[in-house]
Amino acid sequence: IQTICEYSFHECTSLKEINIPSSVKSIERCSFFGCSSLSKIKIPKSIKSIESNLFRECSTIQKIDIPSSVISIGSFAFDGCTQLKNITIHKTQIF
């Protein structure tokens, strides 16, 4: 798998954890929108962009590590992530 298409897991409310393999090069917008039980995400260094609304309304995410490969974060990417307390962005990243 190289691409996770938009709305692929939209409102999968039972999804709790996702470990995206390094073979994935892009994750399209809204792929995980409304996954309200999603609490653990592993984003590989193969990802260059966090698209708009990607994790919108994923209300149980508490932390996220943005890999140094990411060069852009789309609008509302983390909107509604009400439990998000810790975001790691590496020093070399400029948004």
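These numbers were taken from a predicted model, which means no experiment stands behind them.

Each value, and the rule that gives it
- Residues numbered from 1 in each chain as written.
- Predicted model: local features only at pLDDT ≥ 70, side-chain atom pairs only at ≥ 80, totals over all residues.
- Heavy atoms only, no water.
- Helix = DSSP H or I, 4+ residues; strand = E, 2+ residues; numbered from the N terminus.
- Buried < 20%, exposed > 50% of the residue type's maximum accessible area, 1.4 Å probe, protein only.
- Polar contact = N/O pair within 3.5 Å; in protein donor to acceptor, adjacent residues only side chain to side chain.
- 1 Å grid on protein atoms, 1.4 Å probe; cavity = no way out; pocket = protein on both sides within 12 Å on 5 of 7 lines; lining within 4 Å.
- Points joined across faces, edges and corners; volume = space filled by probe spheres on them.
- Nonpolar A, V, L, I, M, F, W, Y, C, P; charged D, E, K, R; others polar.
- Salt bridge = Lys/Arg side-chain N within 4 Å of Asp/Glu carboxyl O.

On to the side chain of Ser-49. The topology assignment puts Ser-49 in strand E5 (residues 49-50). Among the residues examined, Ser-49 registers a relative accessible area of 19% and is labelled buried. A polar contact of 3.0 Å, which involves the side chain of Ser-49, links it to the side chain of Glu-51. At 3.0 Å, the side chain of Ser-49 forms a polar contact with the side chain of Ser-72.

On to the layout of surface pockets. Size it by volume and the largest pocket reaches roughly 310 Å³. Lining the largest pocket are 18 residues, with Ile-41, Lys-42, Ile-43, Ile-64 and Asp-65 sitting closest to its centre. When residues of the lining of the largest pocket are traced back to their parent elements, those giving at least two are strand E2 (17-19), strand E4 (40-42), strand E6 (63-66) and strand E8 (86-89). Of the residues contributing to the lining of the largest pocket, the split by class is six nonpolar, six polar and six charged.

To continue, consider the pattern of salt bridges. Under the definition given, this model contains two salt bridges. Across the salt bridge formed by Glu-6 and Arg-29, the nearest N and O atoms sit 3.5 Å from each other. Here the residue Glu-6 occupies a position in the loop between strand E1 (3-4) and E2, and Arg-29 occupies one in the loop between strand E3 (26-27) and E4, the gap between them amounting to 23 residues. Put simply, Asp-79 and Arg-56 hold a salt bridge, and the shortest N to O gap is 3.0 Å. Taken together, the positions of Asp-79 in the loop between strand E7 (72-73) and E8 and Arg-56 in the loop between E5 and E6 put the pair 23 residues apart, joining distant regions of the chain. Taking relative accessible area as the criterion, Asp-79 reaches 30% and is therefore assigned partly exposed. For Arg-56, a relative accessible area of 22% corresponds to the partly exposed category.

Function-wise, these values are silent; they only describe arrangement.
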